[in-house]
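Residues per chain are reported as follows:
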Amino acid sequence: FGRMKPVIVVHGGAGRIFKEREEGSRAGVVRAALRGYGILKQGGSALDAVEEAVRSMEDDPHFNAGCGSVLNEKGEVEMDAIIMDGKTLDSGAVSAVKCIANPIKLARLVMEKTKHMLLTDRGAHLFAQAMGIPETPGEKLITERSRERWKKNLEPDSNPEEFQKDLGTVGAVAIDSEGNVACATSTGGLSNKLIGRVGDTACIGSGGYADNHSGATSTTGHGESIMKVVLARLILYHMEQGLSPEMAADTALDYMKTRVGGLGGVIVVNNSGQWAARFSTKQMSWATVKDDQLHYGIYAGERHTKSVDEALTFESEGF
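Residues numbered from 1 in each chain as written. Predicted model: local features only at pLDDT ≥ 70, side-chain atom pairs only at ≥ 80, totals over all residues. Heavy atoms only, no water.

As named in an unreviewed UniProt entry, the protein chain is Isoaspartyl peptidase/L-asparaginase, taken from Spizaetus tyrannus. Looking at the Sequence similarities (unreviewed entry) heading of the UniProt record, one finds this comment for the protein chain: "Belongs to the Ntn-hydrolase family." (UniProt positions renumbered as here; feature names shortened; annotations may be inferred.)

Set out below in structure tokens:
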């Protein structure tokens, strides 16, 4: 019985990536993909791989997730995350969580240690305490850049929408050697959002969806638009109709754009290990590893390829 060749795909958010942040975004998604692939290579599960890849990006201040998250209207970090197991359709999510370094770890615990799928705000906080997850002071998660942007957005003539284009939700999808798929997504949400705002990330079928029968996907972009069309599930629906990951992604993104004027990006892997990274925004940082080959890019049509060995050497020396 032939074992699957494992594949991982990650994204570091769709939108506009400012020139001075490109290198960091590229290096961050590559690092996350290599870490997730390392787990898959050793026979690890898709779930462990996507969690590890996302955790790596939560810890990287270049991305709007974990440390480096954008601030809400009151200048605080409130984060959302989801993880889903394609084998059982079990999922765990948290929304509006504060003072936690890795919301994706908490989402995984919600999935595995409770009968529930989504915990929010204070409840999520109490659950984190019960699970012994250390509290991270809020300030620790706030970068100079997030605070600057928050201040700019408070100015009377500011247009927070302008800044929303640099979103940076992070996500990962994978298929392991057993043929199981999984997805994980994590975000700090929208800059200067209302307190308690929950976007697409924590919502099953919008921020991510995984089903062994078809594949897995993780999304990024304008959350409210993504929720309107239930983007992640829509992509899997198109794959169930026989479309390739790339066609399914493009069809769904196109529908979101024409129907509700929303832009975004997605990563997809199907149950036979074909993958895609597609976006309707200007940019999306992404990376994938399959057959010991790493591919990555930020701009439409951009695709660099390196062998994993070469990339790991690179990695240890810095990009």
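Bringing the side chain of Ser95 into the picture now. Mapped onto the fold, Ser95 is located in strand E3 (residues 91–97). Those residues in contact with Ser95, other than ones at most four positions away along the chain, are Met79, Asp80, Leu118, Leu119, Thr120, Asp121, Val198 and Ala202. (Helix = DSSP H or I, 4+ residues; strand = E, 2+ residues; numbered from the N terminus. Contact = heavy atoms within 4.5 Å.)

Summed over all chains, the structure comprises two cavities of 30 Å³ or more. Forming the boundary of the second largest cavity are 13 residues, of which Thr169, Thr187, Gly189, Arg197 and Asp200 lie nearest the centre. Partitioning the lining of the second largest cavity into residue classes produces two nonpolar, eight polar and three charged. (1 Å grid on protein atoms, 1.4 Å probe; cavity = no way out; pocket = protein on both sides within 12 Å on 5 of 7 lines; lining within 4 Å. Points joined across faces, edges and corners; volume = space filled by probe spheres on them. Nonpolar A, V, L, I, M, F, W, Y, C, P; charged D, E, K, R; others polar.)

The biggest cluster of nonpolar side chains holds 51 residues, and the ones touching the most others in it are Ile8, Val10, Ile83, Leu106, Ala287 and Val289. When neighbours within four sequence positions are excluded, Val10 is seen to be in contact with Val29, Ala32, Ala33, Ala53, Met57, Gly171, Ala172, Ile267, Ser285, Trp286 and Ala287. Counting residues in each nonpolar core, the second largest holds 34 residues, with Ala216, Ile235, Leu253 and Val269 among its members. (Core = buried A, V, L, I, M, F, W, Y, C linked by side-chain atoms within 4.5 Å. Buried < 20%, exposed > 50% of the residue type's maximum accessible area, 1.4 Å probe, protein only.)

This next bit is on the UniProt feature "active site" (unreviewed entry) in the protein chain. In the numbering used here, UniProt assigns the feature "active site" (unreviewed entry) to Thr169. Thr169 has contacts with His11, Gly12, Gly13, Asn64, Thr185, Ser186, Thr187, Thr201, Thr219 and Thr220, leaving out every residue within four places of it along the chain.

Now for helix H2 (residues 46–58). Given 3.6 residues per helical turn, the α-helix brings residues three or four places apart onto the same face. Taking 1.5 Å per residue as the helical rise, H2 with its 13 residues ought to reach 18 Å, and the 18 Å between its terminal C-alpha atoms agrees with that figure. Within H2, eleven of the 13 residues are buried, leaving the element largely enclosed by the surrounding structure. Those residues of H2 that sit buried are Ala46, Leu47, Ala49, Val50, Glu51, Glu52, Ala53, Val54, Ser56, Met57 and Glu58. Looking at the buried residues of H2, the elements they touch are strand E1 (7–15), helix H1 (19–41), strand E2 (79–85), helix H3 (103–113), strand E5 (170–175) and strand E6 (181–187). (Expected span 1.5 Å × (residues − 1).)

In the numbering adopted here, UniProt assigns the feature "binding site: substrate" (unreviewed entry) to Arg197, Val198, Gly199, Asp200, Thr220, Gly221, His222 and Gly223. In the annotation above, Arg197, Gly199, Asp200, Gly221 and Gly223 are the residues that line the second largest cavity. Here Thr220 lies in strand E8 (residues 215–221). Non-local contacts of Thr220, meaning those with residues more than four positions away in its chain, are made with His11, Gly13, Ala14, Thr169, Ile226, Gly264, Gly265 and Met284. With respect to the helices and strands, His222 occurs in the loop between E8 and helix H8 (223–229). The exposure class of His222 is partly exposed, given its relative accessible area of 31%.

On to the pairing of strand E7 (residues 208–211). For a regular strand, the rule is simple: side chains alternate between the two faces of the sheet. Side chains of E7 alternate between two faces, with Gly208 and Ala210 and Tyr209 and Asp211 buried alike. Bridge count between E7 and E8: four bridges; the pairing is antiparallel. Looking at the pairing, Ala210 lines up with Ala216 of E8. Turn length for the E7-E8 hairpin, with the two strands adjacent in sequence and antiparallel, is three residues. (Pairing = 2+ DSSP bridges.)

It is at 8 Å that the axes of H2 and H3 come closest, and there the two elements cross at 150°. By the criterion of interaxial angle, the relationship of H2 to H3 is roughly antiparallel. Packed against H2, whose contacting residues are Leu47, Asp48, Glu51, Val54, Arg55 and Glu58, the element H3 presents Pro103, Ile104, Lys105, Arg108 and Met111 at the interface. Among the residues forming the contact of H2 with H3, the class breakdown is five nonpolar, no polar and six charged. (Axes fitted to C-alpha atoms, helices over the stretch in contact; angles between N-to-C directions. Parallel < 35°, antiparallel > 145°, perpendicular 65-115°, else oblique.)

To continue, consider the pairing of strand E10 (residues 275–279). Burial of E10 is extensive: four of the five residues sit out of reach of the surface. As judged from the five bridges shared by strand E9 (residues 264–270) and E10, these two strands associate in the antiparallel manner. Its bridge partner being in E10, Val268 is matched across the sheet by Ala276. Between E9 and E10, which pair antiparallel in sequence order, lie four residues; one of them, Gly273, sits at a positive phi of approximately 90°.

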